Amino acid sequence: MSEPASTPAPEGAAAPITKSAEKKLAKKKENEARLALKAAKAAKAAATAPAGEKKAKKEKGKEEEAPFVNTTPKGEKKDLSDPMASGYNPIAVEAAWYDWWDAQGYFAPQLTEDGQIKPEGVFVIPSPPPNVTGSLHIGHALTVAIQDCLVRWNRMLGKTTLFVPGFDHAGISTQSVVEKRLYKTGVTRHDLGRETFVEKVWEWKEDYQGRITNQLRRLGGSYDWNRVAFTMDERLSKAVVETFCRLHEDGVLYRANRLVNWCVKMNTTLSNLEVEQKQLEGRTMLNVPGYDIKEKFEFGAITSFAYPIEGSDERIIVATTRPETMLGDTAIAVHPQDPRYKHLHGKFAKHPFLDRRIPIVTDDIVVDMEFGTGAVKITPAHDPNDYEVGIRHNLEFINILNDDGTFNENAGAKFKGMKRFHARVAVVQALKDLGLYVETKDNPMQIPICLKSGDIIEPILKPQWWVNCKPLADEALKRTRDGELYISPKASEAEWYRWLEGIQDWCISRQLWWGHRCPAYFVKIEGAEQDRNDGKNWVVGRTLEQATERAEKLANGAKFTLEQDEDVLDTWFSSGLWPMSIMGWPEQTPDLKMFYPSSILETGWDILFFWVARMVLLGVKLTGKMPFPEVLCHAMIRDAHGRKMSKSLGNVIDPLDVIQGLDLEALHAKLYEGNLDEREITKAKAGQKKDFPKGIPQCGTDALRFALCAYSGGGRDINLEILRVEGYRKFCNKIFNATKFAMLKLDEKFVPEPSAKATGNESLVEKWILHKLNLAAGEINKQLADRNFMNATSAAYNFWLYELCDVYIEAMKPMTDESASETTCRSAQQTLYTCLDHGLRLLHPFMPYVTEELWQRLPRRPNDPTPSIMLSKFPVFDKSFEFADAEHQFDLVFAAIKSSRGLAASYNIQQNLHVYVRAQNDSEAELFQSQVPTFLALTKNCKSVEVVRDIAGVPSGCGSEVLTPTIFVHVLVRGQVDIESELVKCEKKLALARMNLSKIVKIESQEDYESTVPPNVRLANEEKRKTLEADIELLEHSTEMFTQMK
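Residues numbered from 1 in each chain as written. Predicted model: local features only at pLDDT ≥ 70, side-chain atom pairs only at ≥ 80, totals over all residues. Heavy atoms only, no water.

1. Quick word on the overall build of the protein
Helix and strand counts for the protein stand at 32 helices and 33 strands. Its C-alpha atoms give the protein principal-axis dimensions of about 120 × 100 × 75 Å. Burial analysis of the protein (1046 residues in total) assigns 50% to the buried set. Excluding contacts between residues fewer than 6 apart, the proportion of contacts in the protein whose partners are at least 24 apart in sequence is 77%. Summing over all exposed atoms, the protein offers an accessible surface of approximately 49,500 Å²; the carbon and sulfur share of this is 51%. (Helix = DSSP H or I, 4+ residues; strand = E, 2+ residues; numbered from the N terminus. Buried < 20%, exposed > 50% of the residue type's maximum accessible area, 1.4 Å probe, protein only. Contact = heavy atoms within 4.5 Å. Areas by Shrake-Rupley, 256 points an atom, 1.4 Å probe, with all protein chains shown as cover.)

So, in structure tokens, the structure goes:
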């Protein structure tokens, strides 16, 4: 939304505030806020302190910082002229940056001067539109973290990027939550009427779209908000109408009276994908939505009863898991070859409760002679298999169910008006009364459950609009096999083929008020008898005018009226158009030409068929192109116990609560914002108290995003632990403090070199860190290209923590102190700058906020005008940073350092450490001699490091370790250890080393060793033997030395 145009101030009014004045005012407000807080704390302390109590002295350096107040005017760049804070505060670090990025237009696609895609290429992600049913949960945060990581990485690689945000109207779910909210006030949608109710839903949509937008912005998603879309926007609605009409015109979309999945609770049709099959192992008593909570009904059982044969005393026994459906039976099927029933072929049974003759038909498809009695009751209007039998035998289709789940007049006067499961009990009892009941047994089975409401699904006949998916799926399968679509992980690809190969027609009608109303019209011709179920009496139209023109041809001069279908379309019908409708399709817009197809579709594996398949089917059909060449399915987030996130369990997490932190009481309070009843709230509170006894700690966006990416290694489930997210907050703190310390090493005179290339003045450790930086850059790029975010984050984490912070920043201290030469100091600074600059860029796709904050504090290289880290170049593998020899040499030095640390720890020596490195050849001795300052810098409490050439140079009383067959590390322990215990340790180590050596010697002594064992294995064995021999020699010397010290 644009800002209103400014107007001149009226006479006598204050002059407009300039930007500099506004900043000064903001600073003033911040200082006032700090002073006010300080005064309030002092007043509170004075009021609560006992009389005569002395004021406690504050610990030196422990003064509490005032809460952060963001004083940056919206859209302006944050002022970083003040010194860095004493510690990392995610709320302070993240403030203001997003609004500035957005205001600067950095999220918009960057084009060439002539408005074309940049030479580096294009990268487009259509963000899966979250439903406006409610706020985002942590699963959505995973989606944002992965997608925005890819977008920011590709943007930094120089590509034209587009990340389109949007929202889904979510027909069933949104209507359901609004109805539940109204019901709490004693109002139903029918009380309001369709128009008023839809207005209420639009109000809900505006509210929750605003909330979700705030969450997406806080999560750092670099969306182009100028292109934000909503599935019921005028532009996207036009695409829906065009698709409906075009598919109908092509004969792919049709109207038919067929069996559908009917949800009584939601009062609408559902697709097969919206129905879950619940497995029961036997008799199970279940609650059903819409019934008293105390009522339970039996499922997982099969009931047998008898039908009397017309004109005889004979009976035929059938069995069913749904006894109430016998009121809709119109046939009994037997196998044509079954000798038990051949005499009944063509005869009739009598319905015990209705004036209905039931024919006995033969069918070798539905009947298995070996199962049960070999006779099957047929209810064509209420069972998918029976429906097919009804078609084959031209049976009567009798619907016994009203939309509200009660029985209609077709069920007979005795059962009319009964709710379906009350009727189940009543029918069984009535059969018993007539002596027709036989038995009820356990029956392992599946029952269909509505994913939205939990209700038991009823198959019923409904005239609906259907899409013939078979020809669309065949084309999608062909193109996938031809390599036009890559799906990962492989498990999802296998499911893709399996589902498309068995695809069924898609019912797209929904009996709702919220959604896209079907652009179909019944042509009611005056004086004519017409079947509303017959699609021939319907027309479709992009506009009412087009529909009227088509109706005129159908009516052939007769008078008619048009009645638009009351139903709306399945939400997935509009969502299936998402990649192209957001680009302006069906219009041939510049965006459609430039940004369609998308580069990748990233989403959860659980909606691969709900959404991804529909996009492919419709995209190929309507545009002739795959809507994207790659589908990446991320894992489903579960709680730390592996449970699915559920509001009633209290384990659904709002990402903002992880970012900002929330105490337990506030977590409890949020439960009342939803539609949970008191019983569910009590259960959810218990779950929250167990999982978050102290509430959710403040972690910040960067830590959350990094953690979610670190969890993403290709599995199907993520068991999220908030403590792990909090651990990455500490990693952010490490980066913050390391940069803060490093900045102290870059004095005011420091100016970065124009290029990051090595100058030739680099020391060994500098070459080593530049080489490690280069390896990290190569690895992160490779892993992001392979979509392995776990490995990518590991590479970034390891470089920052274990190489830059733990090694180089410590090792460079002596290179920048007063005794170091100007050349040495400047080189160390330049290397540090390059590591910080490139290191922050490597982290940016995962951690956008802290990297921008710290990068902005670094000086820029001469002639580098890059305004933001998000527009800087992402580091890639650079041959000029390859220092393999330096890596090997410094790894050897660092191994010796770690060995000395380990020896000191094992002997519990915490101060006055004296280290001796024995190097037997000249080059190694020279290497270690040159690295003594680094050795001292990286070894805590080390007083001296001496490089010696033979054992005589090592004083008696040392603990020792073999690094290589020619390098040994010794730490002086005399006077600080128990001699007897050290001798025992030496003897044990000697015995083990001698045993291992004998094994190697035995292997090498085999006759055919040289000819049968590969060279690399022989070389490895030789290395092991030499190391063991050196180890034994050293242990023997240590034993002799400790013996002499007794």
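So, next bit.
2. Overview of the side chain of Asn-408
By the element assignment, Asn-408 lies in the loop between helix 9 (384-393) and helix 10 (420-433). Of note is the side chain of Asn-408, whose polar atom sits 2.9 Å from the backbone nitrogen of Asn-410. (Polar contact = N/O pair within 3.5 Å; in protein donor to acceptor, adjacent residues only side chain to side chain.)

3. Considering the sheet that holds strand 13 (residues 348-350)
Backbone-to-backbone hydrogen bonds pair the strands of a sheet. The strands run either parallel or antiparallel. Spatial ordering of the open sheet is given by 13-14-12-15, a layout of four strands whose pairing is mixed. A strand with exactly one partner marks an edge of an open sheet, and here the two such strands are strand 13 and strand 15 (375-378). Here the strands of the sheet are splayed against their neighbours by 30° on average, with no regard to which way each runs. Looking at chain direction, strand 12 (residues 331-334) and strand 15 are connected through four bridges and run antiparallel. Paired with Val-334 across the bridge in strand 15 is Ala-375. (Pairing = 2+ DSSP bridges. Axes fitted to C-alpha atoms, helices over the stretch in contact; angles between N-to-C directions.)

4. Quick notes on helix 11 (residues 470-481)
For helix 11, with 12 residues, the first-to-last C-alpha span of 16 Å sits near the 16 Å given by 1.5 Å per residue. Along helix 11, the residues that are buried comprise Leu-472, Ala-473, Ala-476, Leu-477, Arg-479 and Thr-480. Seen end-on, helix 11 carries its buried residues on one side only, within an arc spanning 165°. On its buried face, helix 11 sits against helix 12 (490-501) and helix 17 (608-623). Of the residues one or two after helix 11, Gly-483 is the one with positive phi, at around 90°. (Expected span 1.5 Å × (residues − 1). Arc of directions from axis to C-beta.)

5. Overview of the packing of aromatic side chains
Tallied over the entire structure, the rule returns 36 aromatic pairs. Taken together, the ring pairs connect Phe-244, Trp-465, Trp-506, Phe-522, Trp-538 and Phe-573 into an aromatic cluster. Between Arg-189 and the ring centre of Trp-513, over which it is positioned, the NZ or CZ distance is 4.7 Å. Positioned above the aromatic ring of Tyr-291, the side-chain terminus of Lys-419 is 4.2 Å from the ring centre. (Phe/Tyr/Trp six-rings, centres within 6.5 Å; stacked < 30°, edge-to-face > 60°. Lys NZ or Arg CZ within 6 Å of the ring centre and 35° of its normal.)

6. Some remarks on the environment of Arg-356
Looking at where Arg-356 falls in the secondary structure, it is placed in the loop between strand 13 and strand 14 (357-362). Exposure remark for Arg-356: the relative accessible area of 14% places this residue in the buried category. Each C-alpha atom, one on Arg-356 and one on Ile-607, is 46 Å from the other, the two residues being 251 residues apart in sequence. Setting aside its immediate chain neighbours within four residues, Arg-356 contacts Met-326, Leu-327, Gly-328, Asp-329, Ala-349, Lys-350, His-351, Ile-398 and Asn-410. From its side chain, Arg-356 meets the backbone oxygen of Leu-327 in a polar contact 2.9 Å long.

7. Regarding the pairing of strand 5 (residues 253-263)
In terms of burial, strand 5 is largely enclosed, as eight of its 11 residues are buried. As defined by bridge partners, strand 5 adjoins strand 18 (residues 458-467) across 10 bridges and the pair is classed as antiparallel. The partner of Arg-258 across the bridge, within strand 18, is Lys-462. Relative to strand 6 (residues 268-270), strand 5 runs antiparallel, the two being bridged by three bridges. Residue pairing in the sheet places Cys-263 in a bridge with Thr-268 of strand 6.

8. Considering the pattern of salt bridges
The full count for this structure, using the stated rule, is 59 salt bridges. A salt bridge links Arg-542 to Glu-249; its shortest N-O distance comes to 2.7 Å. Residue Arg-542 is found in the loop between strand 23 (538-540) and helix 13 (544-555), and its partner Glu-249 is found in helix 8 (residues 234-249); the two are separated by 293 residues along the sequence. Overall, Arg-542 belongs to the partly exposed group, its relative accessible area being 29%. In this structure Glu-249 comes out as partly exposed when scored by relative accessible area, which is 39%. Lys-377 serves as the salt-bridge partner of Asp-329, at 2.9 Å between the closest nitrogen and oxygen. Pair noted here: Asp-329 is in the loop between strand 11 (315-320) and strand 12 and Lys-377 is in strand 15, with a separation of 48 residues, a long-range link. Of the two residues examined, Asp-329 and Lys-377, each falls in the buried class. (Salt bridge = Lys/Arg side-chain N within 4 Å of Asp/Glu carboxyl O.)

9. Some details on unusual backbone geometry
Following Ser-488, the chain continues into Pro-489 via a peptide bond in cis, with omega recorded as 0°. Structurally, the position occupied by Pro-489 is in the loop between strand 19 (486-488) and helix 12. Cis geometry marks the peptide bond from Tyr-596 to Pro-597; its omega dihedral reads 0°. On the secondary structure map, Pro-597 appears in the loop between helix 16 (590-595) and strand 26 (601-604). Its identity is not glycine, yet Ala-170 carries a phi of approximately 50°, on the positive side. Residue position: Ala-170 is located in the loop between strand 3 (166-167) and helix 5 (171-183). Judged by its relative accessible area of 4%, Ala-170 is buried. Phi is positive for Asn-267, which is not a glycine, with a value near 60°. Looking at where Asn-267 falls in the secondary structure, it is placed in the loop between strand 5 and strand 6.

10. Some points on the side chain of Gln-215
As for its position among the elements, Gln-215 is in helix 7 (residues 194-218). Look past the residues within four positions of Gln-215 in its chain and what remains in contact with it is Ser-135, Leu-136, Asp-654, Pro-655 and Leu-656.

11. Description of the sheet that holds strand 18
Sheet architecture is open: four strands sit in the order 6-5-18-20, paired in antiparallel fashion. Looking at the sheet topology across the chains shown, the edges are occupied by strand 6 and strand 20 (506-507).

12. Overview of the packing of helix 21 (residues 701-711) against helix 24 (residues 789-811)
Two numbers describe how helix 21 lies on helix 24: the axes approach to 6 Å, and their chain directions differ by 125°. In terms of orientation, helix 21 lies oblique with respect to helix 24. Counted together, Phe-706, Cys-709, Ala-710 and Tyr-711 of helix 21 and Phe-789, Met-790, Thr-793 and Tyr-797 of helix 24 form the full contact between these two elements. For the contact of helix 21 with helix 24, the per-class residue count stands at seven nonpolar, one polar and no charged. (Parallel < 35°, antiparallel > 145°, perpendicular 65-115°, else oblique. Nonpolar A, V, L, I, M, F, W, Y, C, P; charged D, E, K, R; others polar.)

13. Observations concerning helix 21
With 11 of 11 residues buried, helix 21 is to be regarded as a mostly interior element. When helix 21 is considered as a whole, its buried residues turn out to be Thr-701, Asp-702, Ala-703, Leu-704, Arg-705, Phe-706, Ala-707, Leu-708, Cys-709, Ala-710 and Tyr-711.

14. What about the state of the cysteines?
Within this structure, the stated rule accounts for zero disulfides. You can see Cys-245 has no disulfide; the closest cysteine sulfur is in Cys-518, sitting 11 Å from it. (Disulfide = S-S within 2.5 Å.)

15. Details of the confidence of the model for the protein
Detailed reading of the predicted model is not advised wherever pLDDT is low. For the protein, the average pLDDT comes to 89, and 93% of its residues sit at 70 or higher. Every residue in residues 1-62 scores below 50 in pLDDT, and together they form 19 contacts with partners more than four places removed in sequence or on other chains. (pLDDT = per-residue confidence, 0-100.)

16. So, the environment of Asn-402
Of note, Asn-402 is situated in the loop between helix 9 and helix 10. Taking the relative accessible area as the measure of exposure, Asn-402 reaches 28% and is therefore partly exposed. Measuring from C-alpha to C-alpha, the distance between Asn-402 and Thr-71 comes to 62 Å, with 331 residues separating the pair along the chain. For Asn-402, the residues in contact, after removing those within four places along its chain, are Phe-407 and Asn-408.

17. Comments concerning the environment of Val-389
Mapped onto the fold, Val-389 is located in helix 9. Owing to a relative accessible area of 0%, Val-389 belongs among the buried residues under this scheme. Separated by 11 residues in the primary sequence, Val-389 and Ile-378 have C-alpha atoms spaced 7.6 Å apart. Excluding anything up to four places from it in sequence, Val-389 contacts Asp-363, Val-366, Ile-378 and Leu-395.

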